[in-house]
Each structure stands twice: as C-alpha cells, then as structure tokens.
Amino acid sequence: MMKYWIYIMSVLAFASCIRDEIEPCPPLQVRIAVKDKNYFNINEVARLGYAEKLAEDLPFRDYVSTLYYVLTNAETGETVLEQPLMTLTSGEQELPVVFPQEMPFGTYVLTVWGNMQSMRPLTDDATASELHLYNVQGNDVYVSTDTLLYDVAHYDYRVELERVKGKLIVEAENLPGHIDYSTKDISDVYAYITASLQYGRETSVHTDTLWQQPNRILTETLLCPSTDIDASTLSVNFYATGRGLRADASPNWIAPEDVQISMLRNTITILRYVYVSGGTDIPDPPDPGPDDPDEPDEPDNPDEPDNPDIPDIPDDPDPGGDGNSKFKLYILVNDNWEQDHDMDID
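Residues numbered from 1 in each chain as written. Predicted model: local features only at pLDDT ≥ 70, side-chain atom pairs only at ≥ 80, totals over all residues. Heavy atoms only, no water.

1. What to know about the side chain of Asn 266
Reasoning step 1: Residue placement: Asn 266 occurs in the loop between strand E15 (259-261) and strand E16 (268-277).
Reasoning step 2: Polar contacts involving the side chain of Asn 266 include one to the main-chain carbonyl oxygen of Asn 38, which spans 3.3 Å.
Reasoning step 3: When sequence neighbours within four positions are dropped, the list of residues in contact with Asn 266 reads Asp 36, Asn 38, Tyr 39, Phe 40, Arg 163, Lys 165 and Gly 166. (Helix = DSSP H or I, 4+ residues; strand = E, 2+ residues; numbered from the N terminus. Polar contact = N/O pair within 3.5 Å; in protein donor to acceptor, adjacent residues only side chain to side chain. Contact = heavy atoms within 4.5 Å.)

Encoded structure:
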C-alpha cells in the first residue's frame, strides 16, 4: 500500500511540473498592411507627369494617415474591441495589433478603415460608410474586412487595406489668360460602400476652384466608381471673375460640352480640354470696385459665412450641357491620348 501511494504522489508531482512548463496560448495577432499603394494605372500616368509613383517600402503612414478598427464576434455581432480613430506616427511598414490574451477562442470579424477624417460617415456598426457627404469629394478612403478563426493553431494573420475611390484629373489648355475660376459637376457615381467593397446608391459631386496660377489649370477629384460604364456626366465651366467679382455676377464664362466618363476604383481618369475658339470673345473683366457697405454679401449657408478667397458658387450658365465654345477633348486610354471629338457650340 505504501508503494502505491508513493507512486500516485510521484505521478501527480510530475504532472504538476509539466503543466507549469506549458506556455500560455498565443494571443490573436494581426498585421495591417496597405495593398493599393499606387493606382492601377500609375505607370502610364507617371510617365506623362500627372502623378508620382510611390515606392512600395514607405512607412504605412505615407499611404494611410489615420486608422480605425473594430473586432466583433462573428456569431453574435457583439463588439469585442474597438480602436478609436487615430493619427498614425509610426514609421513601420505594417502595423502590428495584438489582442488581449484572455480573449476566448472563436471566430471574429476585423473591420479596418483608413484615411477617415472623422467617424461621422460610418454606420453605427462600422460595416459601411458614406463617401460623398454633402456632394463633396471626401477623403482617399481605404477599407478591409476579414473573418479570423482564433484557436491554438490559428492566431497570426495579415490583412490588407484597399482604396475605395478613383481619381479624376482634368487639365485645361490655351484658355484666355484671365480665366481664374472653374466648377465641375460629376453625376452618377456611387455614394456608399460596405467594408467588403460593395457599392450602393448614387450621387453627384461638385467642386469649385479659384486658380492662384490661372495659366496652370489642373484639378484632381477623388470619386467613387461610376454606377455603370460611361454613366457619369462630367460638366465643366470656366470663369473670369476678375479676382473680386462674384462668379455668378460675371458674364465672362466658357464651357465645353458635357461628356460621359467612367470612374473606376483605384484608377486615375485623365481628360485634357484644349480650348480652340468659339462663341463671343471674352472681354477683360473690369476692375472690381469696393463692396457696398449697405449691401453685404449674402452667404450661401447662413451657418457658414463666405470665404473671402472663394467666389460664391455660380448658377450653371450652361444647363443644357451643349457648351458655348470649341474645345478639343483628349482622354487617356491605355497609355495613349484618344481624341473624343471636337466640342462645338450647337
């Protein structure tokens, strides 16, 4: 009997030693990387001097400057951990995230948003976002969502952020020297996206630009994909404001015909408008006089006073989109400029 008890005690002691030497299970670990460091057609665009190709080994923050992520339980949808929107300062190429070690095994969903300026566009559960709030271009947003199985054999993952918008570049050449202001309207682009890159709803985007260097007229606009091939209408107007005249009070404007374009995700679309002639010659604008102190400018939004550096947004002088002047339009297609057509006044 004594030998039996000695044997039992030895086994228990040996088992206790083995258990003490077992390391705890590794925590769930995720490395967040950037997939779309450049646009798909950056080589053609960079060759023509419209953009610079970024190196593939820059710090994460050089591609994506802010980050938000949330980890949820895949079965219940319950939020397990949430990282509030943060500005990135690390010089690392990939961002390591280590979740709490006491987190139980299970299946989780990690959703990551990059380059968000605020949390306002996101839905309450952060699974989708508005992308063109108030019909403006918004930020160069990135997103990723992945389902992660966490157990003793699966705990180390890598996820990649993808860009959700494309970029529209519009260049104008040979315009009269005193053209110093332009507007753009782009219709039928998507307004909404889920974290799994599913687009929805349609909207239009409006931009205004006051040129500091009137002879260099080039705009860049971030846009969601078009709702269909050639579904988006691009309407451009150019103005001579006289650096003080309200654009909507000035008759000095020229406009090409509207054109149908296709915006694509992570792709740069470039149009060149070359002004030829047409319509009535645009006179030099008169010298702006002082504002009448008894008649102050009426702000566009009573809650947001006018910016003195930007003219008030004019009404569309060309609502039919037929244009009032002749332009040659060139579109970059597969590394070549293709002339769309001569755009004449009807």
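2. Remarks on the packing of aromatic side chains
Reasoning step 1: Evaluated as defined, the whole model comprises eight aromatic pairs.
Reasoning step 2: Each residue in the set Phe 238, Tyr 273, Tyr 275 and Phe 327 is aromatic and connected to the rest through ring pairs, giving one cluster.
Reasoning step 3: Over the face of the ring belonging to Tyr 39 we find Arg 163, whose NZ or CZ atom lies 3.9 Å from the ring centre.
Reasoning step 4: The residue whose ring lies beneath Arg 272 is Tyr 330, and the NZ or CZ to ring-centre distance is 5.1 Å. (Phe/Tyr/Trp six-rings, centres within 6.5 Å; stacked < 30°, edge-to-face > 60°. Lys NZ or Arg CZ within 6 Å of the ring centre and 35° of its normal.)

3. Here's the deal with the confidence of the model for the protein
Reasoning step 1: Per-chain confidence: the protein averages 83 in pLDDT, with 76% of residues scoring 70 or above.
Reasoning step 2: Here residues 11-20 is a poorly scored stretch, pLDDT under 50, and it has zero contacts once near neighbours within four places are set aside; other chains count. (pLDDT = per-residue confidence, 0-100.)

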